[in-house]
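Here are the chains, one letter per residue:
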Amino acid sequence: MQLLDMHRLGVKINQFICGAHLRACISLKSIARGMQTQGFIDKGRSQSDLFRCEGSINPIVSSFLQKGFSDITNENVGKSLHAFCIKNFCRLSVFHTNTLMNMYSKYGKLEAAWYLFDEMPQRNEATWNTMISAFVRVSLYQDAFELFAQMRAQGFETSGFVIASLLTGCTSSRVMLHQGFQLHGLILKNGLLYNVYAGTALLNLYSAYGFQSSAHRLFEKMPEKNVVSWTSLMVGYSDDGYPMEVIKLYQQMRCEDVDCNQNTFTTVITSCGSLEDESLCLQVLGDVVKCGFVYDLSVANSLISMFGNLGRVQEACYIFNQMSMRDTISWNTMISAYARNLSYVNSFYCFNLMRRAHEDLDAITLSALLSACGSMDNLVWGSAVHGLVYKLGLDSNLCLCNTLLGMYSETGKSKEMVRLFDEMPKKDLISWNSLIAGFVQEGEYLDALTVLVRMLRRQKSVNHVTFASALTACSDPELLGEAEILHALVFTSGLHDNLIVGNALVTVYGKQKMMSKAEEIFERMREKDLVTWNTLIGGYAGCEEPNLAIKVFNLMRKQDEPINYITLVHMLSSCVAPNYLFSHGMALHSHVINTGFDSDDYVKNSLITMYGKCNDLDSSMRIFDGFVNKACVSWNAIVAAYAHHGHGEEALKRFSEMNKTGIHLDQFSFSAALTAAANLSSLEEGQQLHGSTVKFGFDSNQYVTTAMLDMYGKCGEINDVMKMLPEPKTRPRVLWNILISALARQGSFREAKEAFHEMVTMGLKPDHVTFVSLLSACSHGGLVDEGLTYYSSMTTKFGVPVGIEHCVCIIDLLGRSGRLSEAESFIKKMPIPPNDFVWRSLLAACRVHGNSRLGKQAAEHLLESNPSDDSAYVLYSNVCASSGKWEAVRNVREEMESSNVKKKPACSWIKTKRKVSSFAIGDKSHPQSGAIHAKLDEIKKTIKEAGYVADTSFALQDIDEEQKEDHLWKHSERLALAFGLINTPEGSGLQISKNLRVCGDCHSVFKFISKIARRKIVLRDPFRFHHFSDGKCSCGDYW
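Rules of the game
- Residues numbered from 1 in each chain as written.
- Predicted model: local features only at pLDDT ≥ 70, side-chain atom pairs only at ≥ 80, totals over all residues.
- Heavy atoms only, no water.
- Helix = DSSP H or I, 4+ residues; strand = E, 2+ residues; numbered from the N terminus.
- Buried < 20%, exposed > 50% of the residue type's maximum accessible area, 1.4 Å probe, protein only.
- Pairing = 2+ DSSP bridges.
- Right-handed = clockwise from strand over helix to strand, strands pointing away.
- Axes fitted to C-alpha atoms, helices over the stretch in contact; angles between N-to-C directions.
- Parallel < 35°, antiparallel > 145°, perpendicular 65-115°, else oblique.
- Left-handed = near helix turned anticlockwise from the far one by under 90°.
- Contact = heavy atoms within 4.5 Å.
- Nonpolar A, V, L, I, M, F, W, Y, C, P; charged D, E, K, R; others polar.

Chemist: Please clarify how unusual backbone geometry should be interpreted in this entry.
Modeler: Glycine aside, a negative phi is what most residues show, and trans is what most peptide bonds show. One non-glycine residue, Glu-544, lies in the positive phi region at around 55°. Within the fold, Glu-544 resides in the loop between helix H32 (530–542) and helix H33 (546–558). For Glu-544, a relative accessible area of 49% corresponds to the partly exposed category. Although it is not a glycine, Ser-681 sits at a positive phi angle of roughly 55°. Mapped onto the secondary structure, Ser-681 falls in the loop between helix H40 (667–680) and helix H41 (683–696). For Ser-681, a relative accessible area of 6% corresponds to the buried category.

Chemist: Would you explain the pairing of strand E6 (residues 1017–1020) in this entry?
Modeler: The two faces of a sheet get side chains in turn, since along a regular strand they alternate between them. Burial of E6 is two-sided: the residues Ile-1017 and Leu-1019 facing one way and the residues Val-1018 and Arg-1020 facing the other way are all buried. Of the pairings in the sheet, the one linking strand E5 (residues 990–994) to E6 comprises four bridges and is parallel in character. Within E6, the residue paired with Ser-993 across the bridge is Arg-1020. With helix H57 (residues 1000–1012) bridging E5 and its parallel neighbour E6, the resulting β-α-β unit is right-handed. Summarising the sheet, E6 and strand E7 (residues 1025–1029) pair through four bridges and their orientation is antiparallel. Residue pairing for E7: Ile-1017 is matched across the bridge by Phe-1028. Linking E6 to E7, which pair antiparallel, is a turn of four residues.

Chemist: Just to check I follow, could you spell out the packing of H32 against H33 for this structure?
Modeler: The geometry of a pair of packed helices is captured by two quantities: the angle between their axes and the separation between those axes. Close contact between H32 and H33 brings their axes to 8 Å; oriented N to C, the two are set at 160°. In this view, H32 runs roughly antiparallel relative to H33, as classed from their interaxial angle. Between H32 and H33 lies a crossing of left-handed hand. Contacts between H32 and H33 involve Leu-530, Trp-533, Asn-534, Leu-536, Ile-537 and Tyr-540 from the first element and Leu-548, Ala-549, Val-552, Phe-553, Leu-555 and Met-556 from the second. For the contact of H32 with H33, a count of residues per class yields eleven nonpolar, one polar and no charged.

Chemist: I would appreciate a short explanation of the sheet that holds strand E3 (residues 907–912) in the present structure.
Modeler: Each strand in a sheet pairs with another by means of backbone hydrogen bonds, the pair being arranged parallel or else antiparallel. Taking strand neighbours across the sheet as the criterion, the six strands line up as E4-E3-E5-E6-E7-E8 in an open arrangement whose pairing is mixed. One side of each edge strand has no neighbouring strand; the edge strands of this open sheet are strand E4 (915–920) and strand E8 (1032–1033). Strand direction decides the pairing type here: E3 and E5, joined by three bridges, are antiparallel. Its bridge partner lying in E5, Ile-910 is registered against Ile-992.

In C-alpha cells form, the structure reads like this:
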C-alpha cells in the first residue's frame, strides 16, 4: 500500500510534529492569542473579535475543547489551531487527534492524516475508522481494506460505521463487487444487518451494481429505515432506468410519514422528468413547495431539468431567474433545457450570459451546447464548440469527447467521427458504442460490425447498447448470417433477457422478413413494453401482412396495452394496396379519429402515405391541405404519394413548391423526387436533382445514391450508372440489383447475366429483387431455358422463397416464347395463389399468339377479382380481334360500356427545348398538328420506298386494310416521332416515352427512320428501352 510505510521513507511533515511531553491546552484565550501572534489570523482583529461572531462567542473556538476539529469549515483556521497546539506543546487527546485526522482527510491532506495516525501512541476504534474513511475518501480503496484487516487483527470490534465506509468504497470503485459480497457476509456474521448505516451502505452497493431486486429485498428487511435508506434505493432505480419504481417508493415514503431531504426530491423530480408525466410533475412540485425545498440549489436545478423535459421552457426559465444563487450546474441545466426543446439560439445566448457571469465552464457545459448541434444546420456551431474544447484544454475529457462523437454521428460526418475516435487518448464503452451507432446511422453496416469485432478481439466489455446498435446494422438482408451470429453472442453474454436487446432482435428478424422467428422471440420475452409490441406490428407491416398486424394490434388492445402514435403509424403502413383500403385502412382512420390521434402530425403523414399507396390521392391531398404548418415530412409524404401513383409530373411540381417555401430538404425529399423523375424517364429533371443533392450535401447519402442510380438506369443512361457505381468489392446488393435491372431494360441481357454471376462471385447472396430483375432479363431476351434454370436455383441453391413477382416473370417468359400450355400448367402448380399480374401476363401472351380459349379464362379470372379492370377488357378484345372474332370484340366493348369501364388511352411524350409535348392517338390538338401530319406523310412515303410494308394485324378494328393502315399512322408514338424530327437538329438523338407497350408496326417504322434519318432514337415503354440505330433495335425484335 502507498502510505503505510511512508514515514520509513523519510517523509516528514515538520509542522505536524507532536512532542512527547505535550501539555494540556491552558485556555481559549491562550489559543486565540497564540494564533494572532503567529499571524494565522488578522492582527487587526481584537481577541474579542475572534471570540465573538455577531455578538456571540465564535463557535469554532468556543467548541474546540468539546468538539475538537469537527466543526472546522475553513482549512486555514484548522491549520492555525493545529499549529498553535504544536508551538505551545499542547497535548491533543485521542479524541482531538481523531477529529484532526478527519479534518485533514476532508481537505485531501491524506499524508498529514496518516502521519498523525502513525505517530499516535494510543488508538481507539474511532481512530481506525477515521483513517479507513480517509483512504476511502481519496479513492485508495485497497489501502482501506488492508488497514481494516490490521484493525481486526489487533482485536478491535467491527462497527457499522467502518463497514459503511468500506461499502462506500466498493460502490465508488465500480470493480469491487466481490469485496462487497464479503462485507455482506461480515455484516451477517456480526449481526450488523439492522444497523442503519451498514444497511443503507449495502443497499447502495446493490443498487449501484444494478441488483435492484436484491436491494429491494434488503430494504424490506431493514427494521429501521431513514431518509438516506429510502433515497439510496430510489437513486438505484433511477440510475437503472426505472423512474416509475422511484415514484412508487416516493408515494410509499410519504404514506409512512418519512420526511424527504433535498436528495430525495432531486431524485424524484428527475424521475418525473424522465416519465414526462405533467400531472405527476406538478404534484411533486407542490410537495417541494410545501416542504420548503423550492429554494434549495440542487432541487431548483432538478426542477429546471424537469420542466425542460416537459417542453415547458418558460417555467424552467422562471425558476432559473428566481434563484438567489446559481452554480455551474444551474447554467448547464438551463442550456440543456433550451437545447432539448430545439431552442438552439437561446442555448448559446444562455452560454454567453454564463461566461459574462464568470461562472466556470466545465465539460458538461460544452456537452450541453453540443447537444444543440446534432443537425446539419447547427454543425457550424458544433465545430466552434469543438474548437473551444481544444482552447480550454478539455480535449482529453472522455465524457466531452463522447458527446463530440455523438454530434458528428448525428450529423453524418463519419470521417470527422472516426478521426476524433482515433485521436482520443482514452476510450470507454460509450466511445465504442457511439462509433458503432454512427456507422449504423450512415448505413455503413459492415464498418459498424467491424468495430464490434475489434471490441471483441481486444476483450472490451460490451453491453445491451452495443448489441442493440450492432443488430440494427444487420437489418440489411445481406447480413442475415451476421444477425444470427449476434443472436448467439447475446446468449453467451447473458443479455437474452434484456428488454432493449429483445426489441432489437424482433426488429432485425422483422427486417429480414423472418416473422416466425420474430414472433418466437416476442413470445419468449419475459418483459414487454410498448416498443416490443410496436416492433412486432412494424415487422408485419414491413412484410405487407396487414391481417397479421391487425391480429397483434387487437391482442394488444385486448390486454389493455397502451398505444401511441408509432403503433398507428405501423398499422397504417401495413395497408399498401387498394384492396386493403376498405378492409383495414378506413377502419384504422376511424380509430385514429376516435382516439384523438388525428391531430398528431406523424399519424397524419402516415395517412397521406396510406391513401397514396391505396390509389386514393384525393384523400391524401385533403389531409395534406389540412396542415396549418407543413413540415418536411408532410411534403415528402405527398411527393412520394404522387410518385407512387404514377403522377410523376405532379410529384416534381410539389417538390419544387416545397423548395420554394424554404422547407429544409432532406434525403427522403430527394429520394422521392428522384423516384418521380425515374418513373417519368425524365433525364433532365433527374440531372438537375443530382446537382441539387451535391449542393445540399446529400450526394453520398445511401438512400439518395440508390434513388439516383435507379433514375439513371430507368432513363437508359447505363454509362452514368456504370460511372457512379462503387467498385464491385464494396458494392452492396441493392446496387447490384439496380445494375442488373438497368441492363435488362437496355436489352443487354447477356451483360445482366454476367453482372449476376459477378455479384455471386463477390460473396453476395442474391435476394427476391435480384431474381425479379434477372428473370425479367431472361423473359425479354428470349432466354427461356436459362430463365427456368435460374428460377429453380433460386430456392434450391440460394434459399430465396418464391414470390408472386417471380411467378409473373416465368409466365411472361413462357408466354412470350409461345409455350402457353406450359404457362397454364405452371399457374396450376404455383406455390402461391395467382393474382391479377399473373392472369394479365398470360392474357397478354394469348393476345400475341392468338389463343382465345386460354385468353378468355385469363380475362374471366381478372374480371372476377376486379370487374373495373380496363386492361382485362382491352387485352381480351385484342385477342378476339387478332383471331378475327369481331362479334366477340363487339360484345366485350358493349360490356365495357354497360359497366362504365373506360380504356386507358395510349399516350406518348417527348421533351424538346425544356418543354414536354404529349400526344394521344390521332391527336390534332397540338399547335403544330398540320406540320406533324405532313411530316408523317413524308415519312410514310420515304420508308415505303425503302421497303416498309405495314403490318395491319396490329390494327385491331373491323375495317378494311386501307383504313387499318391509316389507323396505324395515328398511333401516339408516331406523332411524337414526327414532332421530334421537325423540332430537333438533323442527326441529333430523340427520346420518346409511351405509357403502353409499343406495337409491332410502330417498332418497324422506328427502325426504318433510324437508318434513313441517321438518328439514334430511344423509345421507352413501361417494360423496357428500345434503342434504335442504323435500322436495328437493341431488343433484337423480341420484346
